[in-house]
Amino acid sequence: MALLRIRKFPDDVLKRAARPVENINGDLHLLIESMAQTMYAAPGVGLAAPQVGESRRVIVLDTDHEEPGKHLLKLINPRVVETEGKVTWEEGCLSVVDYSAEVERAAKVLVRAWTPEQKEIEIEAEELLAVALQHEIDHLDGKLFIDRISRIKRELYRRKLKKMIKEGKADERPSTIRI
Ligand SMILES: [Zn+2]
């Protein structure tokens, strides 16, 4: 199975709302397996289909560093149905080169989604998993974490990125956990 190319900001596909999955078929299973492999190889703790150029509502996540693969989540048409509290987390993203920032999100979430086995499930999450779920579901709505920080910070990042590209330095340095 091939690793997929991760699209980087400002790629247009990252700005588009992804379409809901209507059929869970072999083609989708293949996409999900390739996404999981791409996420582990990156490495990252989550990956949404638009990040690999597929505008479909699919995400994979694994926030367990100790036993990778054991708690891999493969979620189709995920949605947040309940939230509680607030938390601020330092976020990075596989699609946003060389940048991380503090983002405020719900501290706890209840997410409903379909699995590749065509079961509807609910996930209650807090801490990193709650943050990662919200970050990935944002990707499905065409939103990046840098859309949730101040305009000034976002503008500074755009300039930094331009400069890095100009100087040929826009390669990836592993920094914070990337989602
Ligand atoms: Zn991301």
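On a predicted model such as this, the values are computed, not experimentally measured, just so you know. (Residues numbered from 1 in each chain as written. Predicted model: local features only at pLDDT ≥ 70, side-chain atom pairs only at ≥ 80, totals over all residues. Heavy atoms only, no water.)

The next point concerns the sheet that holds strand β2 (residues 58-61). Read across the sheet, five strands follow the order β1-β2-β3-β6-β7 without closing on themselves; strand pairing throughout is antiparallel. The two strands at the open ends of the sheet, each matched to only one other strand, are β1 (46-48) and β7 (120-126). Strand-to-strand twist of the sheet, defined as the mean angle between neighbouring strand axes without regard to direction, takes the value 40 degrees. Sheet topology places β2 next to strand β3 (residues 73-84); four bridges connect them, and they run antiparallel. Residue pairing in the sheet places V60 in a bridge with K74 of β3. In the packing of helix α1 (residues 26-41) onto the sheet, contacts are made with β1, β2 and β3, and the angle to β2 comes to roughly 40 degrees. (Pairing = 2+ DSSP bridges. Helix = DSSP H or I, 4+ residues; strand = E, 2+ residues; numbered from the N terminus. Axes fitted to C-alpha atoms, helices over the stretch in contact; angles between N-to-C directions. Contact = heavy atoms within 4.5 Å.)

The end-to-end C-alpha distance of helix α3 (residues 151-166) is 23 Å, a good match for the 22 Å that 16 residues give at a rise of 1.5 Å each. Residues of α3 that are buried include every one of R154, Y157, L161 and M164, and no others. Summarising the axial view, the buried residues of α3 lie within an arc of 85 degrees, below the 170-degree limit, and thus occupy one face. Residues of α3 that are exposed and point over 90 degrees away from its buried face: R151, I152, L156, R159, K162, K163 and K166. Considering only its buried residues, α3 is in contact with β5 (96-105). Where α3 terminates, the next one or two residues include G168, which has phi positive at roughly 70 degrees. (Expected span 1.5 Å × (residues − 1). Buried < 20%, exposed > 50% of the residue type's maximum accessible area, 1.4 Å probe, protein only. Arc of directions from axis to C-beta.)

On the surface, a cluster of negative charge is made up of E82, E84, E124, E126 and E127. Of all the elements in the fold, those that place two or more residues in the negative patch are β3 and β7. Take E82: it is sitting in strand β3. (Patch = residues over 30% accessible without salt bridge, like charges linked within 9 Å, V, L, I, M, F, W, Y side chains within 5 Å. Areas by Shrake-Rupley, 256 points an atom, 1.4 Å probe, with all protein chains shown as cover. Salt bridge = Lys/Arg side-chain N within 4 Å of Asp/Glu carboxyl O. Lys, Arg positive; Asp, Glu negative; His and termini not counted. Charge placed at Lys NZ, Arg CZ, Asp CG, Glu CD.)

In this structure the tally under the stated criterion is three aromatic pairs. Ring plane angle 40 degrees and centroid distance 6.0 Å describe the contact between F9 and Y157, whose orientation is recorded as tilted. With F9 in the segment before α1 and Y157 in helix α3, the pair connects residues that are 148 residues apart, well separated along the chain. Measuring from centroid to centroid gives 6.3 Å for Y99 and F145, while their planes differ by 15 degrees, and the two rings are stacked. Here the residue Y99 occupies a position in strand β5, and F145 occupies one in the loop between α2 (127-140) and α3, the gap between them amounting to 46 residues. Residue Y99 is classed as buried on the basis of its relative accessible area, which comes to 16%. Here F145 falls in the buried class, since its relative accessible area comes to 1%. Through successive ring pairs, a cluster of aromatic residues spans F9, Y99, F145 and Y157. (Phe/Tyr/Trp six-rings, centres within 6.5 Å; stacked < 30°, edge-to-face > 60°.)

Turning our eyes to something else, we now look at unusual backbone geometry. One can expect most non-glycine residues to show negative phi and most peptide bonds to be in trans. Across the junction of F9 and P10, the peptide omega takes the value 5 degrees, indicating a cis bond. Locating P10 in the fold gives a position in the segment before α1. In this structure, P43 follows A42 across a cis peptide bond, with omega equal to -10 degrees. Along the chain, the position of P43 falls in the loop between α1 and β1.

Geometric descriptors of this kind do not, in isolation, establish any biological role.
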